[in-house]
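Now for the letters of each chain:
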Amino acid sequence: MAKYILKRVAFSFITLLIIASITFFLMKLMPGTPFTAQEKLTEVQIEILNEKYNLNDPVPVQYAKYIGNMLKGDLGVSFQFDNRNVTDLILDRIGPSAHLGLQTLIFGAIAGIIFGVIAALKQNTMWDYGSTFLAVLGKSIPNFVFAGMLQYFIGVKLGWFPVAFWEGPSYTVMPTIANAMFTLAVAARFMRTEMIEVLSSDYIVTAKAKGLSSAVVTIKHGLRNGLIPLVTVLGPLAAGLLTGSLVIERIFAIPGLGEQFVRSITTNDFPMIMGITLFYSVFLIFVILLVDILYGIIDPRIRLAGGNK
Amino acid sequence: MKSEEILSKQLFEPATIDPSKGEEITKPTLSYWQDAWLRIRKNVGAIIGIILLVTLIFFALVGPYMTPYDSFEQDLSRAKLPPKIPVLENISWLHLDGTIQFTKDQPRIDVYEQKGIEEYFWFGTDGLGRDLWTRTWEGTRISLFIALVAALIDMVIGVAYGGISAYYGGRVDNVMQRIVEILYGIPFLVVVILFMLILNPGILSIILAMTVVGWLGMSRVVRGQILKLKNQEFVLASKTLGAKDSKIIIKHLLPNITGVIIVNTMFTIPGAIFGEAFLSFIGLGLPAPMASLGTLIEDGFKSLQIFPHMILFPAIVISVIMIAFNLVADGLRDALDPKMRD
């Protein structure tokens, strides 16, 4: 097991290093410098700025400095916000994003599990079809369309919840629901399949034969075993949440990391883009690593397939 | 009741067994595709999906020519008109009569009458007075084009990569899979955004950005399938008879995985449609005058509160396309490969 974890951690590091390098060289490939648009700057001023942001060094030196600083957790200085450290800016912005992400994940997963279990218990009834239909909708309707619908009908027309901004619990309701549709759909579909398989296995028959009530059988024997494989979809779900965060934070004007990222893209703030890209990569790679290790612990067969010996 | 009438003597005659007829096939033989069609026909969702898709594709191709307006033609005198559709304008609750209500207490105002406009704009007009019917369907066409081409490229690269990796195996497979493993670790979102930043915005760059790592999923599936197939007896038989690698791949392996390839491609198409719309939405999509469903929705968001019609129609179209593709893909998966069913 230790060997397996070590191997996975090493691979994750290589992947991260490659992402960091790609990010760096892609940014170097971009035409112009961030100062070309400022016509009022004199040659000397541009020279000073170049010196300040290490843009005068040869590319390999810049690269070495960049990687070295990155390992120390220093992601450079933002072009957009004077003298603000990218790392600080990211840390400032992470709160609302993490809050929204966690709330989305919890709400989406619980609702999805409930829908999936109902569908599995009442297979091929209206309940099942309704739950499947909901899952298709959740998977199909783009989150920004859904967010727009919520904003217009529930926010503007009915006025139940605030339309935008991030100032209290009631402000989180609509973004959470809009963001959770994908999670809900994935969890519901996955849960339905798992539960149908689990409910037809021998130990469920045994439990029923012992005379246990169907509620106990479903929850204690069925649900607990059906939930385990749900760990595997955490990776795609985390990626979905990130995508959602970019869009949802922009629509609802939430001061989170995703909103900052979209703004950095429009203002060509390279260090900020590189920083957030790296941060996202670290997050996703960490989630995938965690899922792999968790699953290796839960299910020993995976370790063998993972290929040590 | 007379028992003789019910149990006639013919019922007790010995049946003749003709051994030559034991192997006779009584039902007509069905090819793979006929069999799949029989199964998909019974799937209500898939049929609805096919009908929706055909309708949408029809409008995407013909829609822009159904009105006299051009999708780039700007005219500020007719900007921000609400939708007005001939027959449907008489159904009051649909509000497709060119009226608009600015606040809750005010009565609805007929903007067409106010501005003295005689023509009908079926989906209304946008902030620059461009006809939204034309733009929506042109946008649909562009979005579909991007998604189809991206899915096709993903398919070609994925099948080739996965196929080569599995068929030749050994060291080739080892090296190719290590590369895939590293690429797989890079988040899709990150790659697409980075590529969009360095490429000039346009249809081609969107397709390119989405296919850089988009083929990985297909290559994995194809590799798994080929690994399973290549050691089976019919391939060995073909090899023994002296068939070349190219012949084995084209004649024996590829036909056996067509179903899997088609199903996988069908699932990548809605993903690519969403990808394009997402990029447009965060400001990395098509440049200004061009319309795609993503850019239209992005535009519509700016005036969501007052002129919801601008976002409504593109949003409906993109949702319906995504639902239709997902329904058809689900149906195809069940029909083509019952083992892949969930």
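Computed from a predicted model, the values in this text were never measured in an experiment.

Procedures and definitions
Residues numbered from 1 in each chain as written. Chains lettered and ligands numbered in written order. Predicted model: local features only at pLDDT ≥ 70, side-chain atom pairs only at ≥ 80, totals over all residues. Helix = DSSP H or I, 4+ residues; strand = E, 2+ residues; numbered from the N terminus. Contact = placed C-beta atoms within 7 Å. Nonpolar A, V, L, I, M, F, W, Y, C, P; charged D, E, K, R; others polar. UniProt positions renumbered as here; feature names shortened; annotations may be inferred. Axes fitted to C-alpha atoms, helices over the stretch in contact; angles between N-to-C directions. Left-handed = near helix turned anticlockwise from the far one by under 90°. Core = buried A, V, L, I, M, F, W, Y, C linked by C-beta atoms within 7 Å. Buried ≥ 20, exposed ≤ 12 C-beta atoms within 10 Å, placed from the backbone. Domains from an automatic or database assignment. Parallel < 35°, antiparallel > 145°, perpendicular 65-115°, else oblique. Expected span 1.5 Å × (residues − 1).

*Asks:* Just checking my understanding: could you explain the overall build of chain A for this structure?
*Replies:* Scanning chain A from terminus to terminus reveals 13 helices and zero strands. Reading the secondary structure of chain A in the N-to-C direction produces α-α-α-α-α-α-α-α-α-α-α-α-α. Here the C-alpha coordinates of chain A stretch approximately 85 × 60 × 30 Å along the principal axes. Considering only contacts in chain A between residues 6 or more positions apart, those separated by 24 or more positions represent 73%.

*Asks:* I tried to follow the interface of chain A and chain B on my own but got confused; where do I start?
*Replies:* Contacts between the two partners involve 40 residues from chain A and, on the opposite side, 33 residues from chain B. It is helix α1 (residues 2-29) of chain A that contributes the most residues to the side of chain A that touches chain B, nine residues altogether. Residue classes in the side of chain A that touches chain B are distributed as 26 nonpolar, eleven polar and three charged.

*Asks:* What am I meant to see in the UniProt feature "domain: ABC transmembrane type-1" (unreviewed entry) in chain A here?
*Replies:* Using the residue numbers shown here, the UniProt feature "domain: ABC transmembrane type-1" (unreviewed entry) corresponds to residues 94-295 of chain A. What you have in residues 94-295 of chain A is 82% helix and 0% strand, and the ends, taken at the C-alpha atoms, are 28 Å apart.

*Asks:* Teacher, can you tell me more about the UniProt feature "transmembrane region" (unreviewed entry) in chain B here?
*Replies:* Under the local residue numbering, the UniProt record ascribes the feature "transmembrane region" (unreviewed entry) to residues 44-66, 142-167, 179-197, 203-222, 253-286 and 306-329 of chain B. The span residues 179-197 of chain B shows a helical share of 89% and a strand share of 0%, and its end C-alpha atoms are spaced 24 Å apart.

*Asks:* Which parts of the structure should I look at to understand the packing of helix α4 (residues 86-121) of chain A against helix α7 (residues 169-199) of chain A?
*Replies:* Packed helices, taken two at a time, are described by their axes: the angle between them and the distance between them. Residue and element names in this part refer to chain A. Relative orientation of the contacting elements α4 and α7 amounts to 35°, with a least axis distance of 5 Å. α7 is crossed by α4, and the crossing has right-handed handedness. For the contact of α4 with α7, the residue count by class is 21 nonpolar, nine polar and two charged.

*Asks:* What is the right way to look at the UniProt feature "domain: ABC transmembrane type-1" (unreviewed entry) in chain B in this model?
*Replies:* The positions UniProt marks with the feature "domain: ABC transmembrane type-1" (unreviewed entry) are residues 140-329 of chain B. A helix fraction of 82% and a strand fraction of 0% characterise residues 140-329 of chain B, whose end C-alpha atoms lie 19 Å from each other.

*Asks:* Can you help me understand the nonpolar core in this one?
*Replies:* What tends to happen in soluble globular proteins is that the nonpolar side chains get buried as a cluster. Formed by 138 residues in total, the largest nonpolar core has its most connected members in V192, I273, I297 and I318 of chain B. The element that contributes the greatest number of residues to this core is helix α13 (residues 309-336) of chain B, accounting for 18 residues. Three or more residues apiece are contributed to this core by two domains, here domain 1 (2-71) and domain 2 (93-307) of chain A. Among all residues touching I318 of chain B, those that are not within four sequence positions of it are P142 and V145 of chain A together with I273, A277, L293 and I297 of chain B.

*Asks:* Even after reading the chapter, I still don't get the packing of helix α11 (residues 245-281) of chain B against α13 of chain B, so can you show me in this structure?
*Replies:* All names here are of chain B. Packing of α11 against α13 brings their axes to within 9 Å, and their N-to-C directions diverge by 165°. It follows that α11 is roughly antiparallel to α13 by the angle criterion. As for how α11 packs across α13, the hand of that crossing is left-handed. In contact with G259, I262, V263, M266, F267, I269, P270, I273, F274 and A277 of α11, α13 contributes I318, I321, M322, F325, N326, V328, A329, L332, R333 and L336. For the contact of α11 with α13, a count of residues per class yields 17 nonpolar, two polar and one charged.

*Asks:* Looking at this structure, how should I read the environment of N268 of chain A?
*Replies:* Residue and element names in this part refer to chain A. With respect to the helices, strands and loops of the structure, N268 is situated in the loop between α11 (257-266) and α12 (270-298). Take N268: there are 17 C-beta atoms within 10 Å of it, and that puts it in the partly exposed class. Distance in space between the C-alpha atoms of N268 and F79 is 8.5 Å, their sequence separation being 189 residues.

*Asks:* How do you make sense of helix α9 (residues 214-227) of chain A when you look at a structure like this?
*Replies:* Think of an α-helix as turning once every 3.6 residues; residues three or four places apart then point the same way. Taken together, the buried positions of α9 of chain A are occupied by T218, G222 and G226 of chain A. Where α9 of chain A is buried, its residues meet α4, α7 and α8 (202-209) of chain A.

*Asks:* Which parts of the structure should I look at to understand the domain arrangement of chain A?
*Replies:* Residues and elements named next belong to chain A. Domains assigned within chain A are domain 1 (2-71) and domain 2 (93-307). Sort the elements by how many residues they give to the side of domain 1 that touches domain 2 and α1 lands first, with twelve residues. Residues belonging to the side of domain 1 that touches domain 2 are distributed by class as follows: ten nonpolar, three polar and one charged.

*Asks:* How should the UniProt feature "transmembrane region" (unreviewed entry) in chain A be read in this particular structure?
*Replies:* Residues and elements named next belong to chain A. Under the local residue numbering, the UniProt record ascribes the feature "transmembrane region" (unreviewed entry) to residues 9-27, 100-121, 133-153, 173-191, 227-252 and 272-295. For the annotated span residues 100-121, helix accounts for 100% and strand for 0% of the residues, and the straight-line distance between the end C-alpha atoms is 31 Å. Here residues 272-295 runs as 100% helix and 0% strand, with 34 Å between its end C-alpha atoms.

*Asks:* Just checking my understanding: could you explain helix α9 (residues 216-229) of chain B for this structure?
*Replies:* Residue and element names in this part refer to chain B. If you check α9, its first and last C-alpha atoms are 20 Å apart, about what 14 residues at 1.5 Å a residue would give, namely 20 Å. For α9, the set of buried residues is L216, M218, S219, V222, R223, Q225 and I226. The inward-facing, buried residues of α9 contact α5 (132-168), α6 (170-185) and α11.

*Asks:* Mind showing me how you'd approach unusual backbone geometry here?
*Replies:* Residue and element names in this part refer to chain A. Notably, N124 is not glycine yet its phi reads approximately 60°, a positive angle. The residue N124 is located in the loop between α4 and α5 (126-140) in this model. Residue N124 is classed as exposed on the basis of its C-beta count, with 8 C-beta atoms lying within 10 Å. One non-glycine residue, A253, lies in the positive phi region at around 50°. Structurally, A253 is set in the loop between α10 (234-251) and α11.

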